[in-house]
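So you can see what is in the structure, the chains are spelled out below.
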Amino acid sequence: MKILAPSYYPRFSCIAGACKHSCCIGWEIGIDEESYLRYQRLDNGSGKILDKIIAQNGEYAFQTDESGRCPFLKADGLCDLICQYGESVLCDICADHPRFRSFFERFTEIGLGASCEEAARIILENKGPFSLISLSGDEEEIILTDDEQQVLSVRDEWIHILEDESIPILDRIHALFESMDCDINVLDFSETTDFLLTLERLDHAWDGLLSDAKSASSAPLPCTLHHPLQNLCVYFVYRHMPTSLETGDLFGAMLLCAFLCYLACELFSRLHQKNDALAMEDMVTITRLISGEIEYSDENIGLVTEMMLDIFE
């Protein structure tokens, strides 16, 4: 089957010990059955691996410590399993992170999830316009269903709006709302912040970031931040618009994408104003926190979408 990915996708490689926010800390790391059987063979009765795995209702996971740290994460940030056995030893979740997939009738789209700081950096720093490349070498013509055609038509339209650099990025985000006959001015950032603070939390740095942004005023973004924010907004649209093929709710998916664009713009603007500047590493932090706290929680995605539907439906 044909596999499509953003043109920047091949640039990704895990930076391992150089990562400041390891995906081996704070996440539940499930183990697929095939990998568990492999770990049984490698363990060979020694208990070096199996003693660090927990089983519940026939499902397996690494037993993290009080700080949420994987038992195989070494002090230098490297994985002890990889160091001993090579990358092929990884379970599916560890090998695949931070990738995500959208499944269509005749093809699959893959991308890099922005909760990973290196993936976030690659997305934000992408120089050219957004484009897709084929990873499979399969040149078979893509035939779309009617639903897929509708979703991808809206997505292409929104990406076109977001990449129109002849107008300020904030106006482009306004245009997304206008395309749904929604008034972005109805959203109040203070109320939005209060709502986000009620949601399930992964990293408490999110609380501090939202509080800092809430205490600052919104201001026009400098031109240097327009393109990184544009890249981030396009990523949101690329990733989340196709979810409507599963839910049957295209309007809800559009509202989610528009909200994420609005939130990113507000955070970039307010934190730039508060700190007198916003370096790339600051943007990476904002991006990975938005992604980790909203995109990687089905519950939070549902609640954000529900909140937007309550306001605009």
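Just so you know, the residues in each chain are numbered from 1, in the order the chain's sequence is written. pLDDT decides what is reported in this predicted model: residues at 70 or higher carry local features, side-chain atom pairs at 80 or more are listed and counted, and totals for whole chains, interfaces and linings draw on all residues regardless. Water and hydrogen atoms were dropped before computing side-chain values, which therefore reflect all heavy atoms in the structure.

Turning our eyes to something else, we now look at the sheet that holds strand E5 (residues 99-103). Between any two strands, pairing holds if DSSP finds at least two bridges. For helices the rule is a DSSP run of H or I covering at least 4 residues; for strands it is a run of E covering at least 2, with both sets numbered from the N terminus onward. Across the sheet, four strands lie side by side as E5-E6-E1-E7; this open sheet has mixed pairing. Each of the sheet's edge strands pairs with one partner strand only, and the pair in question is E5 and strand E7 (132-134). Pairwise comparison of adjacent strand axes, ignoring direction, gives a mean angle of 30° for this sheet. With three bridges joining them, strand E1 (residues 2-6) and strand E6 (residues 107-112) adopt parallel strand pairing. Geometry is summarised by axes, namely lines fitted to C-alpha atoms with helices restricted to the contacting stretch, and by angles between N-to-C directions that run from 0 to 180 degrees.

Let us look at the packing of aromatic side chains. Whether two aromatic rings pair depends on their centres lying within 6.5 Å, for rings of Phe, Tyr and Trp, where Trp uses its six-membered ring; planes under 30 degrees apart make the pair stacked, over 60 edge-to-face, and the rest tilted. On inspection of all chains with the given rule, the structure shows 11 aromatic pairs. Taking the centre distance of 4.3 Å and the plane angle of 10° together, the rings of Phe104 and Phe107 count as stacked. For each residue, the accessible area found with a 1.4 Å probe, counting protein chains only, is set against the maximum for its type, and the residue is called buried under 20%, exposed over 50%, and partly exposed in between. Residue Phe107 is classed as buried on the basis of its relative accessible area, which comes to 2%. Note on Phe130 and Tyr238: the rings are 5.1 Å apart at their centroids and 50° apart in plane angle, and the pair reads as tilted. Placement of the pair is Phe130 in the loop between helix H4 (117-125) and E7 and Tyr238 in helix H9 (residues 223-240), with a sequence separation of 108 residues. Note on accessibility: Phe130 and Tyr238 belong to one class, buried. Among the aromatic side chains, those forming a connected cluster through ring pairs are Phe100, Phe130, Tyr235, Phe236 and Tyr238. The criterion is that NZ of a Lys, or CZ of an Arg, lies within 6 Å of the ring centre and within 35 degrees of the ring normal, and then a charge sits over that ring. Lying over the aromatic face of Tyr39, Arg38 brings its terminal NZ or CZ to 5.9 Å of the ring centre.

Function-wise, these values are silent; they only describe arrangement.
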